[in-house]
Amino acid sequence: NAGVTQTPKFRVLKTGQSMTLLCAQDMNHEYMYWYRQDPGMGLRLIHYSVGEGTTAKGEVPDGYNVSRLKKQNFLLGLESAAPSQTSVYFCASSQHRDINTGELFFGEGSRLTVL
Amino acid sequence: KNQVEQSPQSLIILEGKNCTLQCNYTVSPFSNLRWYKQDTGRGPVSLTIMTFSENTKSNGRYTATLDADTKQSSLHITASQLSDSASYICVVKVRSGGSYIPTFGRGTSLIVHP
């Protein structure tokens, strides 16, 4: 059982380039999330999805877009990368029915550097 | 103002010693509170979950407490080991519209020295 898998694990971009981070989960979870983690800031929610075909903005959505075309996949896109988007990105999933427990299962992270 | 505040920001202890990490939250309505452990270079992993009706829960050498009246939680680590060196993150689940969204503290960085 792979759990939550993120690709790629590392990426270096130049300012203005675009890229997509892929998150895949094999636990049939309804909820999926994209976070960024910066030193001293903790994990901040970028976008989330409560089910296939739905997305919503989190705390820091500017400069990012997401799509959830399939239940098991949640894509995070950067259309025009900026140095401020240099960060470690984490994807997580949780089971909607599990409202009272709702454990988050995280991927291993994707380290993005924008030059 | 962050709705989930953790203290201390960082902590250094000697192997074998005990320590207590604090989490204060202001978010409501409150569903549950979890403590996560994040090893360097890895994603966070859940240690314990507390609902508003629970006061104490243990998971091996980790014991979490919750006071829903004062909106405070603590994570106590007994007989620390080198492998306890990590960031410990308090996460409160809050109702937002029709969904329950996790709200994160900034974490406490724990270093255990031999």
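See the structure printed just above.
Residues numbered from 1 in each chain as written. Chains lettered and ligands numbered in written order. Predicted model: local features only at pLDDT ≥ 70, side-chain atom pairs only at ≥ 80, totals over all residues. Heavy atoms only, no water.

K.L.:
I keep staring at the overall build of chain A and nothing clicks. Help me out?
P.N.:
Helix and strand content of chain A: zero helices and eleven strands. A compact globule built from 115 residues would reach a C-alpha radius of gyration of about 13 Å, and chain A, at 13 Å, matches this within 12%. Looking at the 115 residues of chain A, the share that counts as buried comes to 46%. Across chain A, the fraction of contacts at a sequence separation of at least 24, relative to all contacts at a separation of at least 6, is 54%. Charge centroids of chain A, computed over 11 positive and 10 negative side chains, lie 7 Å from each other. (Helix = DSSP H or I, 4+ residues; strand = E, 2+ residues; numbered from the N terminus. Rg over C-alpha atoms; globule rule 2.2 N^0.38 Å. Buried < 20%, exposed > 50% of the residue type's maximum accessible area, 1.4 Å probe, protein only. Contact = heavy atoms within 4.5 Å. Lys, Arg positive; Asp, Glu negative; His and termini not counted. Charge placed at Lys NZ, Arg CZ, Asp CG, Glu CD.)

K.L.:
Help me understand the nonpolar core, please; the structure alone is not making it clear to me.
P.N.:
Among soluble globular proteins, nonpolar side chains are generally buried collectively. All names here are of chain B. The biggest cluster of nonpolar side chains holds 24 residues, and the ones touching the most others in it are Tyr-25, Leu-33, Trp-35, Leu-75, Tyr-88 and Val-92. Secondary structure elements with two or more residues in this core: strand E3 (19-25), strand E4 (30-38), strand E5 (45-51), strand E7 (62-67), strand E8 (72-77), strand E9 (86-96) and strand E11 (108-113). Broken down by element, the residue count for this core peaks at five residues, all from E9. Excluding anything up to four places from it in sequence, Tyr-25 contacts Gln-3, Val-4, Phe-30, Leu-33, Leu-66, Asp-67, Ala-68, Lys-71, Gln-72 and Val-92. (Core = buried A, V, L, I, M, F, W, Y, C linked by side-chain atoms within 4.5 Å.)

K.L.:
Would you mind going over the pairing of strand E9 (residues 87-94) of chain A with me for this structure?
P.N.:
Every other side chain in a regular strand lies on the same face of the sheet, so the side chains alternate between the two faces. Residues and elements named next belong to chain A. Taking burial as the measure, the eight residues of E9 include eight buried ones, the bulk of the element. Burial of the side chains of E9 extends over both faces: Ser-87, Tyr-89, Cys-91 and Ser-93 are buried on one face and Val-88, Phe-90, Ala-92 and Ser-94 on the other. When strand E4 (residues 31-38) meets E9, the two strands line up antiparallel, connected through seven bridges. Bridge pairing links Tyr-33 to Ala-92 in E9. In this structure, E9 lies alongside strand E11 (residues 110-114), joined through three bridges in antiparallel fashion. Opposite Val-88, over in E11, you have Arg-111 as the bridge partner. Across two bridges, E9 lies against strand E10 (residues 105-106) in antiparallel orientation. From the neighbouring strand, Ala-92 faces E10, where its bridge partner is Phe-106. (Pairing = 2+ DSSP bridges.)

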